[in-house]
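Working through the structure, step by step
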Amino acid sequence: MALKPFNYSRRNPDGGYIMQLVSKQISQVLSVLLLLSYGFAGNAQERATVLEEIVVTAQKREQSLQDVPISINAFNEEFIKNHQINDMQDLYLYTPGYVGQPTYDFIGLSTLRGIRSNDFGYGGDPAFGVFVDGFYQGRTGASISSLYDISRVEVIKGPQATLFGRTATSGAISIVNNQPGEALEGSVEVGLGERSRQNFVGTINLPVTENLFLRGSYLNKSIDGYLPNESGGPNQKFRDIEAARFAVRVDKGRVDATLTFNKEDRKGSGNDRHQGFTATLDSDLIGTESRIFTEIEDIALKVNFEIGNALDLMWASAYRDTEWDYAEDFDSLPIILNAPFLQGQKSALVNHELRLTSSAESGLTWFIGINTFDDDVSGFIDEQVDQGFAFSGLLANVSNEPFFELGEYVSSSKGWSAYGELSYDISEALNMTLGARYSDEDKSMQVRLQNPATDPRNTSASFPCACYLYGLWTSVPVSSSGSWSDTSFRAAFTYKMTESVATFFTFSQGFKPGGIDSFGFDTDDPNFQRFFGFDGVPAGARPKVYGPEEIDNYEIGIKSQLLDDRLRINAAAFLYNYDGLQVAVNTSGAAFGIENVGKVRGDGLEVDALFIANENWEFAANAGITNTEVKELAPGVTRLTVGDRLVYNPKLTASAFVTFRTSIGSNSEGYIRGEYSYSDDMMGTNGLVLPSYKVLGLRAGAQQDRWSIAAYVRNLTDEVYFTNGTGERFFTNVNDLVGGLAEPRTVGVDLRFDW
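Remember, predicted model here, so these are calculated numbers, not experimental data.

For the rest of this paragraph, the subject is the nonpolar core. Among the nonpolar cores identified, the biggest contains 28 residues, and Ile80, Met88, Leu91, Tyr98, Val153, Ile173 and Ile175 are the most heavily contacted of them. Contributions of two or more residues to this core are made by helix H2 (77-82), strand S6 (129-132), strand S8 (150-157), strand S9 (171-177) and strand S36 (693-704). Of all the elements, S8 adds the most residues to this core, at three residues. Setting aside residues up to four positions removed in sequence, Ile80 forms contacts with Phe75, Ile85, Leu91, Leu147, Ile150 and Val153.

Now the structure itself:
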């Protein structure tokens, strides 16, 4: 499908001249760095020509990536900075099998190995968990936070119920922050770029005494939007983030405790949608622009006790408070049709964990632990709908008479789990790992659906009724609850063929508990008709409870480090079977509902390679192939058929990087890096096909002692592509709604000083 190029003059109507000057200056810096890199190639001094060891903690202890029988993509702090990765959503360009939504702060649309869970309500869980320093970050918009002053990010693929718990059915993303240490050090980073980009990151590590250490970090970044609104108002796709983290560590030898405080305010656009594949927006949300504003506060305490005899006890507790406000023009029209869609949430999440670990050098290591959580959420979902659209010609003379439908929610999720794992060296070459986790969870949700006829905002509408979003109203709050438990297992075998080549086989299970639907309702009266504006209470209406999902995953892989530790090739093939996969589908009327669709099978292959050719050249590439197929449908499931491929699941994703490094003088180094990312076309919601895309990037820089400077161009060819969308919905007067317009070509420069 041919896509029209952007009209740059319309993106920044008020700052075009300034941005042209900034772009020109940055382009000149880039040219100078390129010339320096080639001009001084003959003076290259000796530098490391072997691969650095990558340390990960996916198995609850520090291990080399090459020793872990799991498919993992790990990114260190340098990679995160060099690629301007704001949060975990941006990793989609560099992680095979992962489809992120970089312009959207909810993880519901993100997919890992073909699996997602687009439940944007209050009674479900995501398809993969997000963890920071081992702490679960919560549901929907509560799980996104910025990446700064971090040690690494691990994208851990495949079900990980034993290691991470109930939400890791398709995998987990583990973020590890830098911790307070013994060295007096710090850094300051400043960035400027197009669309008034400003970025500041400051970090300081302060040893107060030989046992007391402090570490503080501050982030402030902003960039103007690139999506103009034909109806006026500011450009959308903007971002404004301010965050701070402060940690106190006390190390008394056998007792090591760290207390961390974190606060973050995020402001950005909602999931702006377009009428078809266009690069402009025509929205009536003027003054209440599409938005997602998030406030996050965390406090976490982790204490490690060294008991002796290679035994360690870890106790961790965390409290996470989040609040967000969301608005979206779902119909993407300059008139009120079925928008704005409004949503808000407040949540309080408490986690506790106790774990005992043995790391004896006898060929046997193990850990056992217990985890508890308490997650309380309150929120609302509100949508304004035009009566003529809602009734689609059934009623005459009601067009341009919008009315609101409002739902208010209070939900609670409490649970605990006990887990354990042991790893045993059967021989010098063969290792066996066995693990299990028992999980138990209770959920409840109370819903109050306001009668649109009594909503004071609907006084101008001639026939306001609960006929579109919810299909009923409730004269008093109604509620539902559910309980689920499960035992999941994991077994892995690693065989070292040589000192540098190992193969592995893994069987792992995943479990996600059932949930409570925010839009679906059951009744005791079989004759009750939704979408006719009736009170559901006399009919015994209550939120629908849906079942759990389970996954069995089989994986075989190889991890190798060859050519005198200059070439690393890791690969894994996988096959999984899902039972009861939870999917957001269109139910009767206009609402979305969560259904257990039945049985789904998936398989694929992932390959990662990194090669240091010599002192100057470095090459990296990865690719992922993922196939999914609905094998069996549960009764009553609509919008899916047997044989369908799951949505937001491109068959092929791939990326590649080429880096050239050279010395500049006696103690300076310059580099140039080119990067390429590709994604096949993929199915969006309701049959919409999102075209394939390829993204090129370029970065050049130089560093001397403690100083470094770099200039970059993201999306070098100005590729126009979209990452989500839904096909023509319900009525013929609505076109395809396409969202997730990716960032256009963007130029910038970063300056950093370390001390």
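Before going further, it helps to examine the environment of Tyr468. Counting through the fold element by element, Tyr468 comes out in the loop between strand S21 (430-449) and strand S22 (478-496). When the C-alpha atoms of Tyr468 and Val385 are compared, they prove to be 7.8 Å apart, with 83 residues separating the residues in sequence.

Right, let's get into empty space enclosed by the protein. Applying the stated rule across the entire model yields 15 cavities of 30 Å³ or more. Roughly 310 Å³ of internal volume is contained in the largest cavity. Taken together, 25 residues line the largest cavity, and the ones lying closest to its centre are Phe131, Phe164, Gly165, Asn371 and Arg437. Every element with two or more residues in the lining of the largest cavity is listed here: strand S7 (135-136), helix H3 (161-164), strand S18 (338-358), strand S19 (364-386), strand S20 (402-425) and S21. Examining the composition of the lining of the largest cavity, we find that four residues originate from one element, S21, more than from any other. When its residues are assigned to classes, the lining of the largest cavity shows eleven nonpolar, eight polar and six charged.

A grouping of Leu364, Leu422, Tyr424, Ile426, Leu434, Phe493, Phe505, Tyr554, Ile556 and Leu575 is seen on the molecular surface, where their side chains present a nonpolar patch of about 810 Å² in accessible area. Where the nonpolar patch is concerned, the elements lending two or more residues are S20 and strand S26 (549-562). Within the secondary structure, Leu364 is located in strand S19.

How each quantity is defined
- Residues numbered from 1 in each chain as written.
- Predicted model: local features only at pLDDT ≥ 70, side-chain atom pairs only at ≥ 80, totals over all residues.
- Heavy atoms only, no water.
- Core = buried A, V, L, I, M, F, W, Y, C linked by side-chain atoms within 4.5 Å.
- Buried < 20%, exposed > 50% of the residue type's maximum accessible area, 1.4 Å probe, protein only.
- Helix = DSSP H or I, 4+ residues; strand = E, 2+ residues; numbered from the N terminus.
- Contact = heavy atoms within 4.5 Å.
- 1 Å grid on protein atoms, 1.4 Å probe; cavity = no way out; pocket = protein on both sides within 12 Å on 5 of 7 lines; lining within 4 Å.
- Points joined across faces, edges and corners; volume = space filled by probe spheres on them.
- Nonpolar A, V, L, I, M, F, W, Y, C, P; charged D, E, K, R; others polar.
- Patch = residues over 30% accessible without salt bridge, like charges linked within 9 Å, V, L, I, M, F, W, Y side chains within 5 Å.
- Areas by Shrake-Rupley, 256 points an atom, 1.4 Å probe, with all protein chains shown as cover.
- Salt bridge = Lys/Arg side-chain N within 4 Å of Asp/Glu carboxyl O.

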